[in-house]
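One-letter residues, chain by chain:
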Amino acid sequence: MDQTVSEAIGYSAGCPDCGAELECWGVQTLVHGSVVWDTESRCAACGFAVADCGGELPSALRGRLLSERGPARLQVDPTARNTAVMRVLRAELGIGLAEVKTLLREIAAGTHSGTMPEMEFLARKLRASGVDAVAVRP
Ligand SMILES: [Zn+2]
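Residues numbered from 1 in each chain as written. Predicted model: local features only at pLDDT ≥ 70, side-chain atom pairs only at ≥ 80, totals over all residues. Heavy atoms only, no water.

### Things to note about the coordination of the zinc ion
Argument step 1. Looking at the zinc ion, one finds its protein donor set to be Cys15 (SG), Cys18 (SG), Cys43 (SG) and Cys46 (SG), positioned 2.3 Å from the metal centre.
Argument step 2. What the 4 donor atoms of the zinc ion show is an angle range of 107 to 113° at the metal, which sorts the shape as tetrahedral.
Argument step 3. In the primary sequence, the donor residues of the zinc ion line up as C-x2-C-x24-C-x2-C. (Donors = N, O, S within 2.8 Å, 3.2 Å for Na, K, Ca; no water. Tetrahedral: all angles 85-135°; square planar, octahedral: opposite > 155°, others 65-115°.)

### Some points on the environment of Val50
Argument step 1. Structurally, Val50 can be placed in strand β4 (residues 49–53).
Argument step 2. Leaving out residues up to four positions away in the same chain, Val50 has contacts with Thr39, Glu40 and Ser41. (Helix = DSSP H or I, 4+ residues; strand = E, 2+ residues; numbered from the N terminus. Contact = heavy atoms within 4.5 Å.)

### Quick notes on the packing of helix α2 (residues 82–93) against helix α4 (residues 116–128)
For any two helices packed against each other, the geometry is given by the interaxial angle and the distance between the axes.
Argument step 1. At their nearest, the axes of α2 and α4 sit 10 Å apart, and the two run at 130° to each other. By the angle between their axes, α2 is oblique relative to α4. Crossing geometry of α2 relative to α4 is assigned as right-handed. Where α2 abuts α4, its residues Val85, Val88, Leu89, Glu92 and Leu93 lie against Phe121, Leu122, Lys125 and Leu126.
Argument step 2. Each residue belonging to the contact of α2 with α4 can be placed in one class, and the counts come to 7 nonpolar, no polar and 2 charged. (Axes fitted to C-alpha atoms, helices over the stretch in contact; angles between N-to-C directions. Parallel < 35°, antiparallel > 145°, perpendicular 65-115°, else oblique. Left-handed = near helix turned anticlockwise from the far one by under 90°. Nonpolar A, V, L, I, M, F, W, Y, C, P; charged D, E, K, R; others polar.)

Purely geometric numbers; function is a separate question.
Laid out in structure tokens, this is it:
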């Protein structure tokens, strides 16, 4: 059974109701083979609370995760067959041939990065197809 990979961050924002400091939490998790996220905000002053999840990861949350937790990199066995790697990446990311070729070059050069749950997701999909791959944090 694959372990859950999760990254959480805390941050603050202005309360939309009273202007006091809002306490916010954001988390991105790789669980049961998919990457999910949720956020929760709470105002201690007026009791305003909001929770959000589902759909595309908000770019602001992704930016916070990357800047506070640091990016992870995907390392793929350099002797793995490109066609096998490309098949997995195209299927999982829904990208075209030109994009996947660019991605492959980035991975080979060690410059492709993302959040740890995102990279771990791809590494697991690749391993499930027999390609040696790991997500690492430099
Ligand atoms: Zn408030």
